[in-house]
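# Report on the structure
Listed below, chain by chain, are the residues.
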Amino acid sequence: DSGVTQTPKHLITATGQRVTLRCSPRSGDLSVYWYQQSLDQGLQFLIQYYNGEERAKGNILERFSAQQFPDLHSELNLSSLELGDSALYFCASSGEGASPLHFGNGTRLTVT
Amino acid sequence: DAKTTQPPSMDCAEGRAANLPCNHSTISGNEYVYWYRQIHSQGPQYIIHGLKNNETNEMASLIITEDRKSSTLILPHATLRDTAVYYCIVRVDVSNFGNEKLTFGTGTRLTIIP
């Protein structure tokens, strides 16, 4: 158990809809990261937050947004969903410096 | 971040040591080497990391060459549950305002043979 909790585990929705994925980081970790993994694809970095502030941005679509709340949990919002957004979405958290990232078990999003 | 090169696939007999190589010839002095693995569609699992000294934990050993241009992850007694994709990643330690993201490559698909 990595200590990172993601909900829901599975999500099935229709094209054009909006969904919210939630992540609770490990206790004490201030950094939260979001990654996307499409079928048979690599892990793509989307965005990172540190203590409530956006820290780094990767290949995140404009239809996607994220935030980190004062209690340090984070949400990833995906809107105007397309079939190609079907993927595993992973959240990770880490402490300071060279601390490793610890990943949750992901949310599997299926857009029909 | 420095890039890494790993063989796309490897096999190892169950019970033997699995040695996974990684080349990172352009690594900088403040970049660490991290190893992760991903079993099927689970979240990537942290294994071990190091800067220049060899490291060992309950899962594996990490051997970094003196020039730091390559490293080897050693799983001492491989089991079937070690079948996974293994990622070698280098990452800078910035130590301010949170640390750096990880950039995943394609990794090595390790298959443990019964």
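Residues numbered from 1 in each chain as written. Chains lettered and ligands numbered in written order. Predicted model: local features only at pLDDT ≥ 70, side-chain atom pairs only at ≥ 80, totals over all residues. Heavy atoms only, no water.

Attention shifts here to the pattern of salt bridges. All names here are of chain A. Taken as a whole and assessed by the stated rule, the structure comprises four salt bridges over all chains. Ionic pairing is found between D29 and R26, a salt bridge with its closest N-O pair at 3.3 Å. E82 is the salt-bridge partner of R63, the closest N and O atoms lying 3.7 Å from each other. Taken together, the residues span a long stretch of sequence, with R63 in the loop between β6 (53–57) and β7 (64–68) and E82 in the loop between β8 (74–78) and β9 (87–94) at a distance of 19 residues. (Salt bridge = Lys/Arg side-chain N within 4 Å of Asp/Glu carboxyl O. Helix = DSSP H or I, 4+ residues; strand = E, 2+ residues; numbered from the N terminus.)

Right, let's get into the interface of chain A and chain B. Each partner contributes to the interface: chain A provides 24 residues, whereas chain B provides 23 residues. When chain A packs against chain B, close to 1800 Å² is buried across both sides, 53% of that on carbon and sulfur atoms. By the criterion of area lost to chain B, the three top residues of chain A are L43, R55 and A98 of chain A, representing 28% of everything that side buries. Counting across the interface, chain A meets chain B through zero salt bridges. (Contact = heavy atoms within 4.5 Å. Buried area = accessible area lost by both parts, 1.4 Å probe.)

Evaluated as defined, the whole model comprises 10 aromatic pairs over all chains. Their ring planes at 65° and their centres at 5.6 Å tell us that Y35 of chain A and F45 of chain A sit as a pair that is edge-to-face. Separated by 10 residues along the polypeptide, Y35 of chain A in strand β4 (residues 31–37) and F45 of chain A in strand β5 (residues 43–50) bring together distant segments of the chain. Judged on exposure class, the residue Y35 of chain A and its partner F45 of chain A are both buried. With a centroid separation of 6.3 Å and an interplanar angle of 45°, the aromatic rings of Y32 of chain B and Y34 of chain B are classed as tilted. Each member of the pair, Y32 of chain B as well as Y34 of chain B, is classed as buried. Members of the aromatic cluster, each reached through a chain of ring pairs, are Y35, F45 and F103 of chain A together with Y36, Y46, Y87 and F104 of chain B. (Phe/Tyr/Trp six-rings, centres within 6.5 Å; stacked < 30°, edge-to-face > 60°. Buried < 20%, exposed > 50% of the residue type's maximum accessible area, 1.4 Å probe, protein only.)

This next bit is on the sheet that holds β8 of chain A. Picture the strands of a sheet paired through backbone hydrogen bonds; they go either parallel or antiparallel. Residue and element names in this part refer to chain A. Read across the open sheet, the four strands follow the order β1-β3-β8-β7; overall the sheet is antiparallel. For this open sheet the edge positions go to β1 (5–7) and β7, each flanked by a neighbour on one side alone. On average, adjacent strands in this sheet sit at an angle of 15° to one another, irrespective of strand direction. In the sheet, β7 pairs with β8 via five bridges, with the strands oriented antiparallel. Note on β8: the bridge partner recorded for S65 is N77. (Pairing = 2+ DSSP bridges. Axes fitted to C-alpha atoms, helices over the stretch in contact; angles between N-to-C directions.)

Residues and elements named next belong to chain B. Considering the arrangement of structural elements, one finds Q45 in strand β4 (residues 45–50). By relative accessible area, Q45 is classed as partly exposed at 31%. Each C-alpha atom, one on Q45 and one on Y87, is 9.8 Å from the other, the two residues being 42 residues apart in sequence.

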